[in-house]
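Coordinate analysis (summary)
For reference, the chains in residue letters:
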Amino acid sequence: MNDHHEQRGGAALPATLPVTDRTRHRRLREQGSLDRADLEAVLDAGFVCHLGVVVDGSPMVVPTVYGRDDTHLYLHGSVASRSLAADPDAPVCVTVTHIDGLILARSVFEHGVSYRSAMIHGVPRRVTDPEEKLRGLRLLTEHATPGQWDYARRPSRKELTATTLLALSLAEASVKVAAGPPDDGTGPDAALGIWAGNLPLTATWGAPVPDPLLPAGIEPPRHIAGRSGTRQG
């Protein structure tokens, strides 16, 4: 495993996430991680993020799809672009969260959620270079559905012009993972005789559903049909 990642312009991202005022773990520090591999694992397990940005003076959180390379997160950002037009140095916050289940304790106070989450901070860059935009959209498409970029029609020049793509550096990020049993198994509530434990939550892909207008005889390609029954995240 490399101890760094190449960043745009020849710089490098360290294998250990830097601790900043925005990424410092102030609560539940034992759930935090400074390993960049853990950040990448959280990002790779999903494809929808929540983009937090200030638009016209008001906060807005927008769900959108994303893709990544070793140094940047690429995401659709038409809403954020309005803010960037007014203030090119406006920071944003992007979060990705996976819910793996519930931690059900003997007391309500000790209940919790099993989760994996990542938070990325920075000033996004609007991608204008056609080659980089095409590469970023490929990363985004392949992240959600591997194999689809080479199967479906690729964006036309007009479609590329109409698409807003943002690049956000992965340099400043924080990661938290919560798992394990309840914390009250050795406390006074253990004598209550109440069931306690974990209730896992998993999501799986279903069988492909064809477009009602699809002509008969066109079957889903292997890269789509093969995901049926597999776990998402």
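All values derive from a computational prediction rather than experimental measurement. (Residues numbered from 1 in each chain as written. Predicted model: local features only at pLDDT ≥ 70, side-chain atom pairs only at ≥ 80, totals over all residues. Heavy atoms only, no water.)

Turning our eyes to something else, we now look at the overall build of the chain. When you go through the chain residue by residue, the secondary structure sums to six helices and 14 strands. Oriented by its inertia axes, the alpha-carbon framework of the chain measures out at about 70 × 50 × 40 Å. The 233 residues of the chain split such that 36% are buried. Looking at the chain as shown, the accessible area adds up to about 13,800 Å², and 56% of this sits on carbon and sulfur atoms. For the chain, the separation between the mean place of its 24 positive charges and that of its 27 negative charges on side chains is 4 Å. (Helix = DSSP H or I, 4+ residues; strand = E, 2+ residues; numbered from the N terminus. Buried < 20%, exposed > 50% of the residue type's maximum accessible area, 1.4 Å probe, protein only. Areas by Shrake-Rupley, 256 points an atom, 1.4 Å probe, with all protein chains shown as cover. Lys, Arg positive; Asp, Glu negative; His and termini not counted. Charge placed at Lys NZ, Arg CZ, Asp CG, Glu CD.)

For the rest of this paragraph, the subject is the confidence of the model for the chain. Per-residue pLDDT for the chain has a mean of 90; in total, 93% of the residues score no lower than 70. Mean pLDDT values over the elements of the chain span from 41, in strand β1 (residues 4–6), up to 98, in helix α4 (residues 148–151). Per-residue pLDDT stays below 50 along residues 1–10; that stretch engages in 26 contacts with residues further than four places along the chain or on separate chains. (pLDDT = per-residue confidence, 0-100. Contact = heavy atoms within 4.5 Å.)

On to the nonpolar core, then. One finds Leu39, Leu43, Tyr66, Leu73, Leu75, Val94 and Ile120 to be the most contacted residues of the largest nonpolar core, which totals 25 residues. For this core, the secondary structure elements donating two or more residues are α1 (36–44), β4 (48–55), β6 (72–76), α2 (78–86), β7 (92–104), β8 (112–122), β10 (165–169) and β11 (172–178). The element contributing the most residues to this core is β4, with four residues. Every residue in contact with leucine 75, bar those within four places of it in the chain, is listed here: Cys49, Leu51, Thr64, Val65, Tyr66, Val94, Leu140, Thr164, Leu165 and Leu166. Listed in part, the nine residues of the second largest apolar core include Tyr74, Val127, Leu139 and Ala167. (Core = buried A, V, L, I, M, F, W, Y, C linked by side-chain atoms within 4.5 Å.)

Right, let's talk about the environment of proline 14 for a bit. Positionally, proline 14 belongs in strand β2 (residues 12–14). What makes proline 14 partly exposed here is its relative accessible area of 39%.

Scanning the model with the defined rule gives eleven salt bridges in all. Between aspartate 184 and arginine 106 there is a salt bridge, with the nearest N and O atoms lying 2.8 Å from each other. With a gap of 78 residues between them, aspartate 184 in the loop between β11 and β12 (197–200) and arginine 106 in the loop between β7 and β8 connect regions that are remote in the sequence. Among the ionic pairs, glutamate 132 bridges to arginine 125, the shortest N-O distance being 2.9 Å. Each of Glu40, Asp44 and Arg68 takes part in one network of salt bridges that share partners. (Salt bridge = Lys/Arg side-chain N within 4 Å of Asp/Glu carboxyl O.)

Time to look at the packing of aromatic side chains. What the rule picks out here adds up to one aromatic pair. On the basis of an interplanar angle of 20° and a centroid distance of 6.0 Å, the ring pair of phenylalanine 47 and tryptophan 205 is categorised as stacked. Of this pair, phenylalanine 47 sits in the loop between α1 and β4 while tryptophan 205 sits in the loop between β13 (203–204) and α6 (222–225); the two residues are 158 residues apart in sequence, bridging distant segments of the chain. (Phe/Tyr/Trp six-rings, centres within 6.5 Å; stacked < 30°, edge-to-face > 60°.)

What follows deals with α1. Listed as buried for α1 are Arg36, Leu39, Glu40, Val42 and Leu43. Along α1, the residues classed as buried sweep out an arc of 160° about the axis, all on the same side. (Arc of directions from axis to C-beta.)

The next thing to look at is the pairing of β6. In terms of burial, β6 is largely enclosed, as four of its five residues are buried. Linking two consecutive strands that pair antiparallel, namely strand β5 (residues 58–68) and β6, is a turn of three residues. In this structure, β6 lies alongside β10, joined through five bridges in antiparallel fashion. Paired with histidine 72 across the strands is serine 169, a residue of β10. (Pairing = 2+ DSSP bridges.)

Here the focus is a nonpolar patch on the surface. A surface patch of nonpolar side chains, about 410 Å² in accessible area, is lined by Ile99, Leu102, Val113, Leu199 and Leu201. Within the secondary structure layout, leucine 201 lies in the loop between β12 and β13. (Patch = residues over 30% accessible without salt bridge, like charges linked within 9 Å, V, L, I, M, F, W, Y side chains within 5 Å.)

Our focus in this paragraph is unusual backbone geometry. At aspartate 56, a residue that is not glycine, the phi angle is positive and equals roughly 55°. Residue position: aspartate 56 is located in the loop between β4 and β5. For aspartate 56, a relative accessible area of 69% puts it in the exposed group.

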